[in-house]
Amino acid sequence: MIISCPSCDTRYQVDEAKFPPRGRTVRCAKCSNSWHQPAPEPEASPELAVMAPEPAPVPVPQQAAAEPEPEPVRQRPPSIGSHYHPPQPAAAPRENLRAHLPELRGSILPVLAVVGGWLGLIAIVLVIAFSAVRYRQDIAAIWPQSAGVYSSLGMKVNPSAIDFRNVDYHREIEDGVVVLAVTGRIVNTGKRELPVPRMVEVSLSDANNHELYHWSFGSGAATLRPGQSVPFATRLSSPPIASRHLQLRFAKDGS
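Presented here is a report on the structure given in the accompanying data block.

Rules and cut-offs
Residues numbered from 1 in each chain as written. Predicted model: local features only at pLDDT ≥ 70, side-chain atom pairs only at ≥ 80, totals over all residues. Heavy atoms only, no water. Helix = DSSP H or I, 4+ residues; strand = E, 2+ residues; numbered from the N terminus. Buried < 20%, exposed > 50% of the residue type's maximum accessible area, 1.4 Å probe, protein only. Contact = heavy atoms within 4.5 Å. Areas by Shrake-Rupley, 256 points an atom, 1.4 Å probe, with all protein chains shown as cover. Patch = residues over 30% accessible without salt bridge, like charges linked within 9 Å, V, L, I, M, F, W, Y side chains within 5 Å. Salt bridge = Lys/Arg side-chain N within 4 Å of Asp/Glu carboxyl O. Pairing = 2+ DSSP bridges. Axes fitted to C-alpha atoms, helices over the stretch in contact; angles between N-to-C directions. Polar contact = N/O pair within 3.5 Å; in protein donor to acceptor, adjacent residues only side chain to side chain.

### Quick look at the overall build of the chain
What the chain contains, in helices and strands, is four helices and twelve strands. In the chain, buried positions account for 22% of the 255 residues. The contacts of the chain with a sequence gap of at least 6 include a subset with a gap of at least 24, amounting to 54%. Split by element, the accessible area of the chain, about 19,600 Å² in all, is 58% carbon and sulfur.

Rendered as structure tokens:
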């Protein structure tokens, strides 16, 4: 049996057997309107059908019966280019970091101490090397044995701080004889007054550094103050023709 609400025209499917002969009052589930619904007219039947009593029907809207059950909404993963930010792990509590600070300091401090020690050692070595090169002349004057070390490194030093400067030599002709003239200055390169060796020795050698001839002359000064110099000059008649090199040195006492 189909009944219709007189107010909103909502139709309902009900069981006509549940209506008594005098009808009954029903209410619309949609608009809450109540009205008296008469019982349907009985149909002619050769025999009465015995029906078991059933509970009173509950009006069910036709639209509600036809509506399918909604499906659960599923979240789709974000597409490429969407503003999606994956969840970030929670930051460690500040209390935990503070709890580990003593351990971090205990592991870092020894490393820093070792690095600082090596840097300090390297700085000391560099300062010593610079001073050894810069003040090599003074070091050689105080410690003459160091002159050999400087010479092996290609650094010229004079342990006595008395040296030759502006040395010049050339050949001249006098009365038809070849004369070798040698000139220069003897200078004190130290920082205190020093004695000057009494004799200077000149040596001539060939292309293979074999000595061919040598002679000596007086230096002309007993002492020199720091930075002071004295000139010298010496001559040799008929020097060896094969001589190619000239060397000046102070003669040892007694030679």
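### Brief notes about a nonpolar patch on the surface
Taken together, the side chains of Val111, Val115, Leu119, Ile122 and Leu126 make up a nonpolar region of the molecular surface, amounting to roughly 480 Å² of accessible area. Along the chain, the position of Leu119 falls in helix H2 (residues 94–134).

### With respect to the pattern of salt bridges
This model, assessed by the stated rule, comprises four salt bridges. Note that Glu174 is salt-bridged to Arg235, the shortest N-O span being 1.9 Å. Of this pair, Glu174 sits in strand S5 (residues 162–174) while Arg235 sits in strand S11 (residues 229–237); the two residues are 61 residues apart in sequence, bridging distant segments of the chain. Of the charged contacts in the structure, one is a salt bridge between Arg249 and Glu201, with a shortest N-O distance of 2.3 Å. Of this pair, Arg249 sits in strand S12 (residues 245–250) while Glu201 sits in strand S8 (residues 199–205); the two residues are 48 residues apart in sequence, bridging distant segments of the chain. According to the relative accessible area criterion, Arg249 is partly exposed, its value standing at 29%. With a relative accessible area of 14%, Glu201 lands in the buried category. One salt-bridge network, in which partners are shared between bridges, spans Glu172, Glu174 and Arg235.

### So, the sheet that holds S8
By definition, the strands of a sheet pair up through backbone hydrogen bonds, in either a parallel or an antiparallel sense. One open sheet accounts for three strands, arranged S9-S8-S12; its pairing is antiparallel. Looking at which strands have only one partner, the edges of the open sheet turn out to be strand S9 (211–218) and S12. Sheet twist, expressed as the mean angle between neighbouring strand axes with direction ignored, is 20°.

### Some words on the sheet that holds S5
On the basis of which strands lie adjacent, the open sheet formed by three strands has the order S5-S6-S11 and antiparallel pairing. Among the strands making up the open sheet, the edge pair consists of S5 and S11. Across this sheet, the average inter-strand angle for adjacent strands is 15°, counted without regard to direction. Judged from the eleven bridges that link them, S5 and strand S6 (residues 177–188) form a sheet pairing that is antiparallel. What sits directly across from Ile173, in S6, is Val178.

### Side note on the environment of Gly227
Tracing the chain through its elements places Gly227 in the loop between strand S10 (223–224) and S11. Look at Gly227 and you get exposed, because its relative accessible area is 56%. Distance in space between the C-alpha atoms of Gly227 and Lys191 is 7.8 Å, their sequence separation being 36 residues.

### Here we look at the side chain of Ser243
By the secondary structure assignment, Ser243 is in the loop between S11 and S12. By relative accessible area, which is 9% here, Ser243 ends up buried.

### Structural notes on the side chain of Ser203
Along the polypeptide, Ser203 turns up in strand S8. Polar side-chain contacts of Ser203 include one of 2.9 Å to the side chain of Glu211.

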